[in-house]
Amino acid sequence: MRMNEMFFPLTSTPFSRSGYRELLPSKELAPYVRCFWTSWNEVSPVPIIPDLCADIIIVTDETEKEFFFCGVSDKTFASVHSQGQRRRLFGIRFYAWQASAFSDEPLFKTANGFFELRAHFLTIEKSLRSKFSPTMNLEEFKQIAEETLLKLLVRPASKRPEQNSLVMDAITQMIRTRGSQNLSSLLKDIHASERQLERFFAQALSLSPKKVSSLIRYQSLWQSVCFSKIFDIQDAVADFGYFDQAHLLNDFKKFHGMNLTQARKIAFSAK
């Protein structure tokens, strides 16, 4: 089973949100891209929770278009809200450990950051600028975005930042164990030293292995909260390797920015 089939990160409003749509990628891009999406800048901000993804974002009105890169986040923040003029957003949401497959520059120190797209993805910006129109629908945007990404996948290795196999091995193991495996056990499984893995994760994701593992566990828990017919917190404590109920609740609030009851209310109010 591919990683994208084992780990499918969710937003804070996974069932629906006014003005927001997303489309899944083609089979070829599914290991790299979580989705293509569009929305209007929010009248009422919604929580943007850590999902171990990084986004290329195009902000547009009828005449202008701006291109940005939003790095992987390890904390919740509020979406951009409207201050008069409504502007539309289009996005490509990458799994954070795969974004560098399409970048021109390493993504070192991009976590929790917001950058002009050309700083790391100049090739993609040039391609999208030549094809993108503010009047596009999401299906049309997906088509031009996938054409661009598929071409970049087959470029020579010398023209893209190196992807380290130890990072992919570690991420795979973290996903298989839903983030519950301790670091020393993980290092033995992938035959790496802690110093090695710290360095490679900093280059590829701008986050430490420990933080990535914690975020995988948090997102796996959130998926269970959202999709279990009956969510039992004591079962979740055991399933996700928490010490006790208080540990689970505190860890969830640290990443989600609110307690579990509040988070469920927001998620299910749109269902």
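Shown above is the structure to which this text applies.
Source: prediction; values computed, not measured. Every chain is numbered on its own, with residues counted from 1 as its sequence reads. Owing to the predicted nature of the model, reporting of local features is limited to residues with pLDDT of at least 70; listing and counting of side-chain atom pairs is limited to 80 or more, with chain, interface and lining totals taken over all residues. Side-chain descriptors were evaluated using all non-hydrogen atoms of the structure, hydrogens and water having been removed beforehand.

Some words on the overall build of the chain
No. 1: Tallying secondary structure elements over the chain gives ten helices and eight strands in all.
No. 2: This radius of gyration counts C-alpha atoms alone. The globule rule is 2.2 Å times how many residues there are, raised to the power 0.38. The C-alpha radius of gyration of the chain comes to 19 Å, within 12% of the 18 Å expected for a compact globule of 271 residues.
No. 3: Accessibility here uses a 1.4 Å probe with only protein chains present; expressed as a share of the type maximum, an area under 20% marks a residue as buried, one over 50% as exposed, and anything in between as partly exposed. For the chain, the proportion of its 271 residues judged to be buried stands at 52%.
No. 4: Contacts between residues were defined by any pair of non-hydrogen atoms, one from each residue, lying within 4.5 Å. Taking the intrachain contacts of the chain between residues at least 6 apart in sequence as the baseline, contacts between residues at least 24 apart amount to 72%.
No. 5: The Shrake-Rupley method, run with a 1.4 Å probe, gives the accessible areas here. Residue values count only the displayed protein chains as cover. Taken as a whole, the chain presents about 13600 Å² of accessible surface, with 51% of it coming from carbon and sulfur. The secondary structure listing takes helices from DSSP runs of H or I that are at least 4 residues long and strands from runs of E that are at least 2 residues long, numbered from the N terminus.

What to know about the pairing of strand β5 (residues 65-70)
No. 1: Where strand β4 (residues 53-60) and β5 come together, six bridges link them in antiparallel fashion. Counterpart to I56 in the pairing with β5 is F69.
No. 2: The antiparallel pairing of β4 with β5 creates a hairpin that spans four residues between the two strands.
No. 3: Strands are labelled as partners when DSSP assigns at least two bridges between them. Bridge count for β5 against strand β8 (residues 114-116) is three bridges, and the pairing is antiparallel. Each bridged residue has a counterpart across the sheet, and for F69 the counterpart in β8 is F115.

Considerations on the sheet that holds β4
No. 1: Within the open sheet, the six strands sit side by side as β1-β2-β7-β4-β5-β8. Their pairing is antiparallel. At either margin of the open sheet sits one strand with a lone partner, and together these are β1 (21-23) and β8. In this sheet, adjacent strand axes meet at a mean angle of 25 degrees when their direction is disregarded.
No. 2: Here an axis means a line fitted to C-alpha atoms, over the contact stretch when the element is a helix, while the angle between two N-to-C directions is reported on a 0 to 180 degree scale. Here helix α2 (residues 118-131) sits on the sheet in contact with β4, β5, β7 (88-95) and β8, set at roughly 140 degrees to β5.
No. 3: Along the sheet, helix α3 (residues 138-153) contacts β1, β2 (33-40), β4 and β7; its crossing angle with β2, the most-contacted strand, is approximately 140 degrees.

Overview of the environment of V225
No. 1: As for its placement among the helices and strands, V225 is situated in helix α7 (residues 209-227).
No. 2: For the pair formed by V225 and L260, sequence separation is 35 residues and the distance between their alpha carbons is 8.8 Å.
No. 3: When neighbours within four sequence positions are excluded, V225 is seen to be in contact with F231, L260, R264 and F268.

Side note on the pattern of salt bridges
No. 1: When a carboxyl oxygen of Asp or Glu is within 4 Å of a side-chain nitrogen of Lys or Arg, the pair counts as a salt bridge. The full count for this structure, using the stated rule, is eleven salt bridges.
No. 2: With a shortest N-O distance of 3.1 Å, R118 and E125 are connected by a salt bridge.
No. 3: What makes R118 partly exposed here is its relative accessible area of 46%.
No. 4: When the shortest N-O distance is used, the salt bridge between D251 and K254 registers 3.4 Å. One end of the pair, D251, and the other, K254, are both in helix α9 (residues 245-256), three residues apart, so they sit about a helical turn from each other.
No. 5: Three or more residues are tied together by salt bridges with common partners; here these are E22, R34, D55 and R93.

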